[in-house]
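# Chain and residue survey
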Amino acid sequence: MTDAHDTAADSSLRTTGGAPPDDGGSSAEEAPIPLLEPREGIPPVIADETALARMIAAFEAGSGPVAVDAERASGYRYGQRAYLVQLRREGAGTALIDPVACPDLSALGDALSGVEWVLHAATQDLPCLREIGMVPTRLFDTELAGRLAGFPRVGLGAMVESVLGFVLEKGHSAVDWSTRPLPEPWLRYAALDVELLVDLRDALEKELDRQGKLEWARQEFDAIASAPPPEPRKDPWRRTSGMHKVRRRRQLAVVRELWQTRDRIAQRRDVSPGKVLGDAAIVEAALALPANVHALAALNGFGHRVGKRQLEQWQAAVDRAKGLSEAQLPQPGQAVTGPPPPRAWADKDPAAAARLSAARAGISAVAEQLGMPQENLITPDTVRRVCWEPPAVVDTQSVAAALAGHGARPWQVEQVAPVLVEALSAKEA
């Protein structure tokens, strides 16, 4: 274990304002200051190649890290594309870019190659940024930094308030960012989201360094930056909300047909699939297996606001599922590549269940001592895999190799391997 254990466990350190322990400063809390306007005002939205070229040159000539954020239209549009990109860098100010008008930002990505990008919850924004040619080589994730440092609330607004003492206005986070033109209050909100991101990064870097966790954070950030794009999800229709009610294979086929039909329509219309047909309606139709349009129209979600033509297309999907042969029907569950669900371990392998219980208890204790969530110390999936199939010879070296093989970073291996060796050896003896 490292000196971070001692720092995080020091009960003499105080906690104020929702922040992790702090060993200096006044104990009196000052009221947070509302942040109402960007320092240089709201910049004009960049929506043509000439303005984009000027902005790229300015940001390339800037200094220090660059704050990056993106706004999507989740719940309104199909997919997770970016509808506004915000950046801020010392010497360049703030920029707001319309990626609909400027869909290729690879020149901007190239200009910022090698520069540290500061994002909040980076894994949420990186996919849509990648689509428009912006891929960081180095990054600092302020949300993840907050988790590692032990902040109880790691949303951007909560972090800015507890660390920097400013209040961000968060009223426009869930609006339809595909709207054009974007209203001025939305643009103000978007500009303010990157206004203090680098300041937050600097403060969190100091806090992580104080706790002995800065190198750990750097390993995490490097892992995010170097991670390949996620593979497309297999059988995404199985994630339909309420699927636990659907048991029979014929009913599963109805869910699949309705989901795929809805997805094609949503993609063609560029709207959120939920606006085409709700998950609850899909499950309702699967359970009822309606014989005709009239029976379908009587179900929840297919009421009077659904037109005859729409009802006919949904019924056609149901009929296609009902016409499949037994061999064409989906299986009840997805193929499991890893260990079975933990609830089944006691019956399948009691020794493995005991190993997992001991490992969880030990990891929980270490996470509490370090002042961070267990899932950031080590992923639950990694723990399950090692406990289900432990190394033939259980020792620090073999367990460390197993953890690394499942993607654990060096700092995680250092903290977790001794705990797992103890948990695995307890049943070996």
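Residues numbered from 1 in each chain as written. Predicted model: local features only at pLDDT ≥ 70, side-chain atom pairs only at ≥ 80, totals over all residues. Heavy atoms only, no water.

An unreviewed UniProt entry lists the chain under the name Ribonuclease D, with Streptomyces hawaiiensis as the source organism.

## So, the overall build of the chain
Which entries qualify depends on this criterion: What counts as a helix is a DSSP run of H or I of at least four residues, what counts as a strand is a run of E of at least two, and both are numbered from the N terminus. Each residue gets one of three labels from its accessible area relative to the maximum for its type: buried under 20%, exposed over 50%, partly exposed in between, using a 1.4 Å probe on protein chains only. For this analysis, residues touch if any pair of their heavy atoms sits within 4.5 Å. For accessible areas, the Shrake-Rupley method is used with a probe of radius 1.4 Å. Any residue's cover is judged against the shown protein chains and nothing else. Under the counting rule used here, the positive set is Lys and Arg, the negative set is Asp and Glu, and His together with the chain ends is not counted. Taken as the charge centre is NZ of Lys, CZ of Arg, CG of Asp or CD of Glu, depending on the residue.
Broken down by element type, the chain carries 20 helices and eight strands. Evaluated residue by residue, the chain yields a buried proportion of 46% over its 429 residues. By sequence separation, contacts in the chain at least 24 residues apart represent 68% of the contacts at least 6 residues apart. For the chain, the accessible surface area stands at approximately 21200 Å², while carbon and sulfur atoms represent 50% of it. Between the mean site of the 48 positive side-chain charges and the mean site of the 57 negative ones, the chain shows a separation of 12 Å.

## Topic: unusual backbone geometry
The amide bond that connects R180 to the next residue, P181, takes the cis arrangement and shows omega of -5°. Of note, P181 is situated in the loop between β8 (166–168) and α7 (184–195). Phi at A121 is positive, roughly 60°, even though this residue is not glycine. Mapped onto the secondary structure, A121 falls in the loop between β6 (116–119) and α4 (122–131).

## Let's talk about the pairing of strand β5 (residues 93–97)
Operational definition: Two strands are said to pair when DSSP picks up at least two bridges between them.
Among the five residues in β5, five count as buried, and that is most of the element. For strand β2 (residues 45–46) and β5, the ladder comprises two bridges, and the chain directions are parallel. For I46, the partnering residue across the bridge sits in β5 and is I97. Pairing geometry for strand β4 (residues 82–90) and β5, over five bridges, is antiparallel. Bridging from a neighbouring strand, Q86 pairs with L96 of β5. Hairpin connection from β4 to β5: two residues lie between these consecutive antiparallel strands, with G91 at a positive phi of about 90°.

## Digging into the pairing of strand β3 (residues 63–72)
Within β3, seven of the 10 residues are buried, which leaves the element mostly enclosed by the surrounding structure. Sheet topology note: the β3/β4 ladder contains eight bridges and is antiparallel. Bridge pairing in β4 links R72 to A82. In terms of strand pairing, β3 meets β6 through two bridges, oriented parallel. Pairing of A67 across the sheet is with V118, part of β6.

## Quick word on the state of the cysteines
Put plainly, two cysteines are in a disulfide when a covalent bond ties their sulfur atoms together. Formally: Whenever a pair of cysteine sulfur atoms sits within 2.5 Å, that pair is classed as a disulfide.
Evaluated as defined, the whole model comprises zero disulfides. Here C102 stays unpaired: no disulfide links it, and the sulfur of C128, its closest cysteine neighbor, is 16 Å away. Judged by relative accessible area, C102 falls into the buried class, the value being 0%.

## Regarding empty space enclosed by the protein
It is a probe the size of a water molecule, rolled over the atoms, that shows where empty space is left. Heads up, the condition is: We place a 1 Å grid over just the protein atoms. Points where a 1.4 Å probe fits but has no way out form a cavity, open points with protein on both sides within 12 Å along at least 5 of 7 lines form a pocket, and any residue with an atom within 4 Å of a point lines it. Grid points are joined across faces, edges and corners, and a volume is the space filled by probe spheres set on the points. All amino acids are sorted into three groups, where Ala, Val, Leu, Ile, Met, Phe, Trp, Tyr, Cys and Pro are nonpolar, Asp, Glu, Lys and Arg are charged, and the leftover types, Gly among them, are polar.
Within this structure, the stated rule accounts for one cavity of 30 Å³ or more. Taken as a whole, the largest cavity spans an internal volume of roughly 50 Å³. Of all the secondary-structure elements, those providing two or more residues to the lining of the largest cavity are α4 and α9 (214–226). When grouped by side-chain class, the residues that make up the lining of the largest cavity number seven nonpolar, no polar and one charged.

## With respect to the sheet that holds β6
Which entries qualify depends on this criterion: To obtain each axis, a line is fitted to C-alpha atoms, and for helices this fit is confined to the stretch in contact; angles are then taken between N-to-C directions over 0 to 180 degrees.
Strand order across the open sheet formed by six strands is β2-β5-β4-β3-β6-β7, with mixed pairing between neighbours. Whereas interior strands pair on both sides, the edge strands pair on one side only; in this sheet they are β2 and β7 (138–141). On top of the sheet, α4 reaches β3, β4, β6 and β7; it is set at about 80° to β3, its chief contact. With respect to the sheet, α7 is in contact with β2, β3, β4 and β5, its orientation differing from that of β4 by roughly 45°.

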